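The residues making up each chain are set out below.
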Amino acid sequence: MDNAKIAQQLENLASLLEFQGANPFRLKAYRTGAQVIRDSAQSIADAVASHEDLTAWVGVGKSVAQKCIELVQTGTMQQLVEIQKEVPPTVLDLLRVPNLGPKKAAVLFKELQIENLEQLKRACQQNEVQKLKGFAAKTQQAILDGIAIAEQANQRMRWDQADQVVDALRMHLQDVPMLKRLEFAGSYRRGKETVGDIDILVVSDDHTIVMDRLGSFPDLASTIVRGGTKMSIRLENGFQVDLRVVPEISFGAALQYFTGSQTHNVELRHRAKQQNLKINEWGVFQIGSPAELENNPSLDGWVAGKEEQDVYQSVSLPWIDPHLRENREEFAWADADQLPKLLELEDIRGDLHMHSTATDGKNTIREMIQAAQALGLQYIAITDHSQRVAVAGGLDETRLLKQWKEIDILNAELGTQFTVLKSIECDIRENGDMDLSDDVLAEADWVMASIHFGIKQSRQEITDRILGAIEHPSVSAISHPTGRLLNRRPAYEVDMAAVISHAKKYGKFLELNASSKRLDLNDIHLTHARQAGVRIVISTDAHSTDGLASMRYGIIQARRAGLTQQHVVNTRSWPEIKAMIGVPS
DNA sequence: GCCGTTTTCGGCCCGACTGTTTTCAGTCG
């Protein structure tokens, strides 16, 4: 059982206990434990096998440790099994309904035996819900509205989709009269691969005019709440947009607060408290000061809040990049004054994964070269599909060798200014064989190996296929190593810890596929690769000249994993990369 | 349930908004 599964079980346990009204701090403890376990590069299963003391991990105490041991050794958690006899797991669906939290859901379960969305909907329609104490007509209607939202796709947006919504909102809001500052916060600003809602932060002396403008956004479906400083709307596509209007003196504190993540903020405020300070969205305050009592930044006791870096500075921390704010390593780095200089788009010198019209790409090699040159790149690899990918017109050896002759001619034309690598995205067949002969692969400049078929195989089979490819002398990198498609297809079963250690041993690279639909590896796997010393290649997998712009999505993902220029191979010249392939890192 | 450079007990981040209320609980972020 891997860390993610263990974390999921702990979270389920916390949610079901919450339903039963358990001590909130106990739930917090389980959820903290789950996050620590999910983020850790070390396998819990391995730690249990070697009788390691799990309570040495901060956030894991006696109880969570015992549950981990039980899960690893037996595959189940008795306490979870027991509680599921009392509370059916389907009740967790109820918690996805906006306006319905654990307290109200528990009442509905207890009083009306409601276990799922279908039963809840019927109870509302039959006016059973509004008869309950603490519920009334408005609450019943709010639940009914919420069910419709929960039944909708209810997915998080991919970051690139959120980016488009943000652009539209910015265009709509930026010329509001008397608008002093406008910023987008939340998981969008943290660059998370998917975004749950959009958070807008505004400084203006006139709250009404800003909120009225948001209320006229063309894609608006409904206004959820509107108060003095806060407004929430729902868009036609179901997504929520939150607006906060704050005074100029509070902008930094509010930006920090609404950027999150929640666990990052909890840690920051915890540190503030130890220094007799309190941080909220209005600023940093001396505890017990008049301003703290009044929440009025103009009074004494206000310490900081105008700029985000002032907030961090007030608790003796350097400004921390939003991409790192997940309460993983950033505070330890900040304490040691070792925050990394994160990778930037300008650091990238080449793109080592793209397709041409020879297979399923939309542009010719010459067009891809021109587009790459326009972006300032020094080299590209044309990595068309191999023959196994028949639907894409994958290349057999004859066609591949012909393409390489074409590339020779182009390189002769280009001179020393730009280099096109003779490459291939070679499939790892279901039986573990490479899709092209060793002789042909040996002639390539650059070989990426990837899995497109047999993705339902067992964890062991898929892992073995990838480990075999890593060992192949001609393979340089494994592309989109987990095969996931965001919001569409989960990762296939693969032992990433084994892949990472094998890549290290054989000096091969792992790809961060920058396509906004993939972003594969994810931030956690990238972090583990960095910690293990495995080098990463970030590439676009472009199927057209436009696709080359996807590099920026990969940069954000890499930054979230704390990657710097030195962790990423294609920040180097091609000859430097070539010298690194197959050299254990 | 977890934690500790004030603590092995006593605290655990913090505030806005809504609805059902006579002063606050629930939900959300």
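Anyway, here's the lowdown on the structure attached to this text. Small disclaimer: the values here were computed from a predicted structure and weren't measured.

**Quick notes on unusual backbone geometry**
Most peptide bonds take the trans form, and the phi angle of most residues other than glycine is negative. In this structure, S261 follows G260 across a cis peptide bond, with omega equal to 0°. With respect to the helices, strands and loops of the structure, S261 is situated in the loop between α13 (251-259) and α14 (262-274). The omega angle of the peptide bond from D520 to L521 is 20°, so this bond is cis rather than trans. Considering the arrangement of structural elements, one finds L521 in the loop between β16 (509-513) and α23 (523-532). Backbone geometry at H51 places phi at a positive 55°, although glycine is not the residue there. Structurally, H51 is set in the loop between α3 (44-49) and α4 (62-74). Relative accessible area serves as the criterion here: at 72%, H51 is assigned to the exposed category.

**Some points on the protein's contact with DNA strand B**
G59, A136, Y257, K273 and K278 are the nearest of the 48 residues found near DNA strand B. Near the protein, meaning within 4 Å, the atoms of DNA strand B are sugar or phosphate in a fraction of 79%, with bases accounting for the rest. In this structure, a phosphate oxygen belonging to DNA strand B sits 2.9 Å away from a main-chain N or O atom of K104. Counting only elements with at least two residues in the surface near DNA strand B, the list comes to α2 (24-39), α4, α7 (102-112), α9 (137-151), β5 (220-226), β7 (240-246), α14 and β8 (277-280). Top element by residues in the surface near DNA strand B is α2. It accounts for five residues. When the residues that make up the surface near DNA strand B are grouped by side-chain class, the tally is 18 nonpolar, 14 polar and 16 charged.

**Brief notes about the packing of aromatic side chains**
Applying the stated criterion across every chain, the model contains six aromatic pairs. With centroids separated by 6.0 Å and ring planes inclined at 65°, the aromatic side chains of W159 and Y553 adopt a geometry described as edge-to-face. Here the residue W159 occupies a position in helix α10 (residues 159-173), and Y553 occupies one in helix α24 (residues 551-560), the gap between them amounting to 394 residues. Since its relative accessible area comes to 17%, Y553 is described here as buried. In textbook terms, an aromatic cluster arises when at least three aromatic residues are bridged by ring pairs, as seen for W159, Y188 and Y553. If you follow K104 out to its NZ or CZ, it ends over the ring of F135, 5.8 Å from the centre. R388 extends its terminal NZ or CZ atom over the ring of F453, reaching a point 3.8 Å from the ring centre.

**Comments concerning the pairing of β16**
A large share of β16 lies buried, amounting to five of its five residues. Burial along β16 is two-sided: the face carrying F509, E511 and N513 and the face carrying L510 and L512 are both buried. Bridge count for strand β15 (residues 477-478) against β16 is two bridges, and the pairing is parallel. Note on β16: the bridge partner recorded for I478 is L510. Assessed by its sense of winding, the connection that carries the chain from β15 through helix α22 (residues 496-506) to β16 is right-handed. In the sheet, β16 pairs with strand β17 (residues 536-539) via four bridges, with the strands oriented parallel. Pairing of L510 across the sheet is with I536, part of β17. For the crossover that starts at β16, traverses α23 and ends in the parallel β17, the hand is right-handed.

The rules behind the values
All residue numbers here refer to positions counted from 1 along the written sequence of the relevant chain. Naming scheme: in the order in which they are written, chains are lettered from A and ligands are numbered from 1. The predicted nature of this model means local features are confined to residues of pLDDT at least 70 and side-chain atom pairs, given and counted, to a pLDDT of 80 or more, with totals for whole chains, interfaces and linings taken over all residues. Remark: hydrogens and water are excluded; side-chain values derive from all non-hydrogen atoms of the structure. Labels follow the DSSP assignment, with helices taken as runs of H or I lasting at least four residues and strands as runs of E lasting at least two, numbered in each case from the N terminus. We call a residue buried when its accessible area falls under 20% of the maximum for its residue type, exposed when it is over 50%, and partly exposed in between, using a 1.4 Å probe and counting protein chains only. Residues are classed as near a molecule or strand on a simple rule: at least one heavy atom within 4 Å of it. Whenever a nitrogen or oxygen atom comes within 3.5 Å of another N or O atom, the pair is scored as a polar contact, on the condition that within protein one atom can donate a hydrogen and the other can accept it, and that pairs from neighbouring residues in sequence are kept only if both atoms are in side chains. Following the grouping adopted for this structure description, the nonpolar residues are Ala, Val, Leu, Ile, Met, Phe, Trp, Tyr, Cys and Pro, the charged ones are Asp, Glu, Lys and Arg, and the polar ones are all others, Gly among them. Two rings from Phe, Tyr or Trp (for Trp, the six-membered ring) form a pair when their centres sit within 6.5 Å of each other. Planes less than 30 degrees apart are called stacked, planes more than 60 degrees apart edge-to-face, and all others tilted. Think of it as a cone above the ring: NZ of Lys or CZ of Arg counts as a charge over the ring if it is within 6 Å of the ring centre and within 35 degrees of the ring normal. Between any two strands, pairing holds if DSSP finds at least two bridges. Every crossover in which the path from the first strand over the helix to the second runs clockwise, viewed with the strands pointing away from the viewer, is termed right-handed.

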